[in-house]
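# Commentary on secondary and tertiary structure
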Amino acid sequence: MRKNSARQYAVALYQTAKDAGKDELPKILNNFTALLAKNHNLKMAKQIIKELITHAKEAEGINEIEITSAKSLDNKTIEAIKKIFGDQVESRETIDKTIIGGIIIRTKDHILDASVKTQLQKLRQQLI
Amino acid sequence: MKLMSIANIVEELKKNIASFEKNVETEEVGLITEVGDGIARMSGLTNCQSNEMLEFPGGTFGVALNLENETIGSVLLGEYKHLKEGDTVKRTGRILSVPVGEELIGRVVNPLGQPVDGGVEIKTKNFYPVEKIAPGVMTREPVTQPVQTGIKAIDAMIPIGRGQRELIIGDRQTGKTAVAIDTIINQKGKDMICVYVAIGQKESKIARTVAKLKEAGAMDYTIVVLAGASDPASTLYIAPYAGVAMAEYFMDQGKDVLCVYDDLSKQAWAYREISLLLRRPPGREAYPGDVFYLHSRLLERACRRNKESGGGSITALPIIETQSGDVTAYIPTNVISITDGQIFLESDLFYRGIRPALNVGISVSRVGAAAQIKPMKKVAGKLKLSMAQFRELEAFAQFSSDMDADTLKQITLGQRLVEILKQPQYEPMPVGNQVAVIYAVSNGFANAIDPKEIREWELKFHDFMTRTHTVLLDKIAAGNWDEAVEKDLRSACEDFAKK
């Protein structure tokens, strides 16, 4: 039998648990744990939880972005950035002094690089 | 004046900087989920194409081979020890391609086109994709021009034409590479570019080969593509495709190219390794299901193109190493069925001193006969017949001592023919001399000579011919053959016999 990946488990769990009532949920979770035990897949639990969170966010249309900047940004700027990426956006901010200025925004599949560091590098390439 | 120019430069620079566009870079990225054994798996990169180059941190490149539901599997070209889970991988949007051009001639490069001979950096204008669909039917034409290998036995009995694919197959240590190298050496002054692709060979052997090519002046028209035994499987796998891409550039200029792949069994091993690591299902001998396509798509790129499509040709000489003469193994049968003929080299013959250790009985060339020059066709017909008769009588002759005169004559002739087809390595022979010497022996001019002394006799014969009959040899090499030429040749042989 082909092994199920963590993502497949997560998708299955999400789909069953999504519309379940309050009373059903413990039963579903019990069954799910039993299934994992039966397939000797309990060690994948951590990954499954991670996948479940990403999948749930995807399914509910929540975008996750990561904003990297040289200085900490104020809330207004962050809100403005979030608005560009849709209605439901969760952001994570990190500070990286080496980019000198500007911001780098990272979505699931793309990197939008508007940092001073990259632009200086490009200018250098153009001049040499 | 100097100050002025500096001011100018500053002005230019200012303008340049002012006009510099501050674009926001958008890049598609993915994350490594698994890395090791020269392959990496990653998530993300939803729009990645098959065979696309991927950029890993630290300047390492990879090629996307497996596009799956959630993940992408790729082979890494080069160092991968610094990569770890969670690293970002960028799409490049480029299909794997190699630099091509005249600058590569005389160089030793790796399959990515970077020099490995310690010479200067190679800067070419053009890049060709490594994988390309072979030319179609409408652009091709039949093989008509010969590739002179300079080896008597091959040029006479298994002729190769420009645009043909002729397999060289045999056990280890039977002189497969020697045949290919001699062929490359013999292309001097014949308007042919050669590409020698060394796959998974010892670097010491390559160094020796390159030195030999240099010594013979063959590096003036040769490119060596080297993927050594210590290189990762991914580079071994792409090496022949890189080589043929470099060859295609010259074909597009209307030139004739000779491509040697030494050897394709090692490439198949490398591909098997990659496929198993990428968890593709194994088939016969653990090779993946598309191992036939691996070689067919490569060899199909050898072709003779017609004038309307720009002309030019690529002749392919793939080499396959068999294990103790087993040609029924998976890879040998595959490649035999793809190519237009094969040259079988046998260790038995090699140890008996018959070098090149060619098995004339089972070696064939399916299209080369059309490309043979007329004089060679004439003398080779007789040679083939005499050899076949000799092979039949040979075993029988070992048992009986008293034979009738006819049989004895056949055997005497046969023994001398076997001797005359022997040829030392790195000594390719011009086609005129080949025709002359084969004509002389098969018409019995050497019957009085002891088989052991044939070599000496041959040297004297060539010496005599080149000294006194250069015009005749040139005529033969140009493809002229009529009664007058034959008469001249016969009288030359008679003159030599008298001496």
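The structure reproduced in this document is the subject of the present report. Since the structure is predicted, the reported quantities are computational estimates derived from the model, not experimental observations. (Residues numbered from 1 in each chain as written. Chains lettered and ligands numbered in written order. Predicted model: local features only at pLDDT ≥ 70, side-chain atom pairs only at ≥ 80, totals over all residues. Heavy atoms only, no water.)

### Describing helix α12 (residues 431-442) of chain B
Residue and element names in this part refer to chain B. Put simply, the test is: Helix and strand assignments follow DSSP, with helices taken as H or I runs no shorter than four residues and strands as E runs no shorter than two, numbered in order from the N terminus. Expected span of a helix, by definition, is 1.5 Å for each gap between consecutive residues, and there is one gap fewer than residues. Here, residues are in contact when the closest pair of their heavy atoms is within 4.5 Å.
In a regular helix each residue adds 1.5 Å, so twelve residues correspond to 16 Å; α12 covers 16 Å between its end C-alpha atoms and thus fits that length. On the buried face of α12, the contacting elements are α2 (152-157), α10 (374-397), α11 (405-420), α13 (454-468), α14 (470-477) and α15 (483-498). Residue G444 follows α12 closely and has a positive phi angle near 80°.

### As for the side chain of B:T222
Mapping B:T222 onto the fold places it in strand β14 (residues 222-228). Residues within four places of B:T222 in sequence aside, it is in contact with B:I105, B:G106, B:R107, B:I184, B:C194 and B:L213.

### Structural notes on the sheet that holds strand β15 (residues 256-262) of chain B
We apply this condition: A pair of strands is labelled paired if DSSP reports no fewer than 2 bridges between them.
The sheet built from eight strands is open, its strands ordered β8-β14-β13-β15-β16-β12-β17-β18 (chain B) with mixed pairing. Pairing within the sheet leaves two strands with one partner each, and these edge strands are β8 (108-109) and β18 (364-365) of chain B.

### Comments concerning the environment of B:Q267
Residues and elements named next belong to chain B. Heads up, the condition is: Whenever a nitrogen or oxygen atom comes within 3.5 Å of another N or O atom, the pair is scored as a polar contact, on the condition that within protein one atom can donate a hydrogen and the other can accept it, and that pairs from neighbouring residues in sequence are kept only if both atoms are in side chains.
If you trace the backbone, Q267 turns up in helix α6 (residues 264-277). Taking the C-alpha atoms as reference points, Q267 and I320, separated by 53 residues in sequence, lie 9.9 Å from one another. Dropping the residues within four chain positions of it, Q267 is found in contact with I199, L236, Y237, P240, Y241, L294 and H295. Within the local environment of Q267, its side chain forms a polar contact with the side chain of H295, the two groups lying 3.4 Å apart.

### Digging into the pattern of salt bridges
Note the threshold: The rule for a salt bridge is simple: a side-chain nitrogen of Lys or Arg has to be within 4 Å of a carboxyl oxygen of Asp or Glu. Relative accessible area decides the class of each residue, using a 1.4 Å probe on protein chains only: under 20% of the type maximum gives buried, over 50% gives exposed, and in between gives partly exposed.
Within this structure, the stated rule accounts for 33 salt bridges over all chains. The salt bridge involving B:D340 is made with B:R165; its shortest N-O contact spans 2.9 Å. Here the residue B:D340 occupies a position in the loop between α8 (330-338) and β17 (341-345), and B:R165 occupies one in the loop between β11 (160-161) and β12 (167-170), the gap between them amounting to 175 residues. For B:R165, a relative accessible area of 11% gives the class buried. Put simply, A:R7, A:E51, A:E58 and B:E70 are held in one network by salt bridges that share partners.

### Description of the interface of chain B and chain A
Heads up, the rule is: Each of two parts loses accessible area, computed with a 1.4 Å probe, when they are put together; buried area is these two losses added. Side-chain classes are defined by residue name, with Ala, Val, Leu, Ile, Met, Phe, Trp, Tyr, Cys and Pro counting as nonpolar, Asp, Glu, Lys and Arg as charged, and the others, Gly among them, as polar.
At the junction of the two partners, chain B supplies 18 residues and chain A supplies 15 residues. Contact between chain B and chain A buries roughly 1600 Å² in total, counting both sides, with carbon and sulfur atoms accounting for 57%. Contact with chain A buries area across many residues of chain B, yet B:F20, B:E25 and B:V29 alone supply 36% of it, more than any other trio. The partner of B:E70 in a salt bridge is A:R7, and the shortest N-O contact between them spans 2.8 Å. If you look at where chain B meets chain A, you find four residue pairs in polar contact (both at pLDDT 80 or more). Mapped by element, the contributors of at least two residues to the side of chain B that touches chain A are α1 (2-18) and β1 (25-36) of chain B. Here the side of chain B that touches chain A gets six residues from one element, more than from any other, and that element is β1(B). When grouped by side-chain class, the residues that make up the side of chain B that touches chain A number seven nonpolar, six polar and five charged.

### Considering unusual backbone geometry
Residues and elements named next belong to chain B. Geometrically, the link from D262 to D263 is a cis peptide bond, its omega value of -5° lying close to zero. Take D263: it is sitting in the loop between β15 and α6. Cis geometry is adopted by the peptide bond preceding P356, which originates at R355 and carries an omega value of 0°. If you check the backbone angles, D37 has positive phi at about 55° while not being a glycine. With respect to the helices and strands, D37 occurs in the loop between β1 and β2 (39-44).

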